[in-house]
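The lines below spell out each chain.
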Amino acid sequence: MARNEEGLRKLLKRIPELRAEFWENVAVLGGSETLNQSLEKAGRVADFLEMGELLARDALHRRESCGGHFRLESQTEEGEAKRDDDNFQYVAAWEYRGDDKGPLEPVLHKEALEFEYVKPSQRSYK
């Protein structure tokens, strides 16, 4: 799975457009007398759009290659993933604060990771 800044920025512009189109055109069949699986499925699509936007936002922020996520701007001369533990050795959680307009953008909370017995290392796929 490879990504780059340009592609992530395009994606972050496109997802709100897709979300608006979804809400404008969604048609939920069925009624309110019984369990409405169409309504449930429409809700999941809405959830996936929000989750996808969050993942893209986090991927744009994390300017390194680590694990199975390969950032094209962060690779060795041999084409291997290049970690950046000095800047990204933490666990993160994004706080939702409403629509992504103005001061309501999500806030990133970080908790540093400390390794006592095992040290992170560069992964090689060769």
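Above this text you will find the structure in question.
Here we summarise the structure given alongside this text. Here the structure is a predicted model, which means the values were calculated and not measured.

### Quick look at the overall build of the chain
Counting its secondary structure elements, the chain contains three helices and four strands. Mapped in sequence order, the helices and strands of the chain form the string β-α-α-β-α-β-β. Its C-alpha radius of gyration of 19 Å places the chain more than 25% over the 14 Å reference for a compact globule of 126 residues. On the principal axes, the C-alpha backbone points of the chain span a range of 55 × 30 × 30 Å. Approximately 9600 Å² of the chain is accessible, and the part contributed by carbon and sulfur atoms is 54%. Here the chain contributes 20 positive and 26 negative side-chain charges, whose respective centroids are spaced 3 Å apart.

### What to know about helix α2 (residues 37-61)
Relative to the 36 Å expected for 25 residues at 1.5 Å per residue, α2 spans 36 Å between its end C-alpha atoms, a close match to the ideal helical length. Of the positions making up α2, those classed as buried are Ala42, Ala46, Leu49, Glu53, Ala56, Arg57, Ala59 and Leu60. Turning to α2, the residues buried within the fold contact β1 (2-3), α1 (5-25), β2 (70-71) and β3 (90-95). The N-cap residue of α2 is asparagine 36: its side-chain oxygen and the backbone nitrogen of serine 38 are 3.0 Å apart.

Definitions and limits used
- Residues numbered from 1 in each chain as written.
- Predicted model: local features only at pLDDT ≥ 70, side-chain atom pairs only at ≥ 80, totals over all residues.
- Heavy atoms only, no water.
- Helix = DSSP H or I, 4+ residues; strand = E, 2+ residues; numbered from the N terminus.
- Rg over C-alpha atoms; globule rule 2.2 N^0.38 Å.
- Areas by Shrake-Rupley, 256 points an atom, 1.4 Å probe, with all protein chains shown as cover.
- Lys, Arg positive; Asp, Glu negative; His and termini not counted.
- Charge placed at Lys NZ, Arg CZ, Asp CG, Glu CD.
- Expected span 1.5 Å × (residues − 1).
- Buried < 20%, exposed > 50% of the residue type's maximum accessible area, 1.4 Å probe, protein only.
- Contact = heavy atoms within 4.5 Å.
- Polar contact = N/O pair within 3.5 Å; in protein donor to acceptor, adjacent residues only side chain to side chain.

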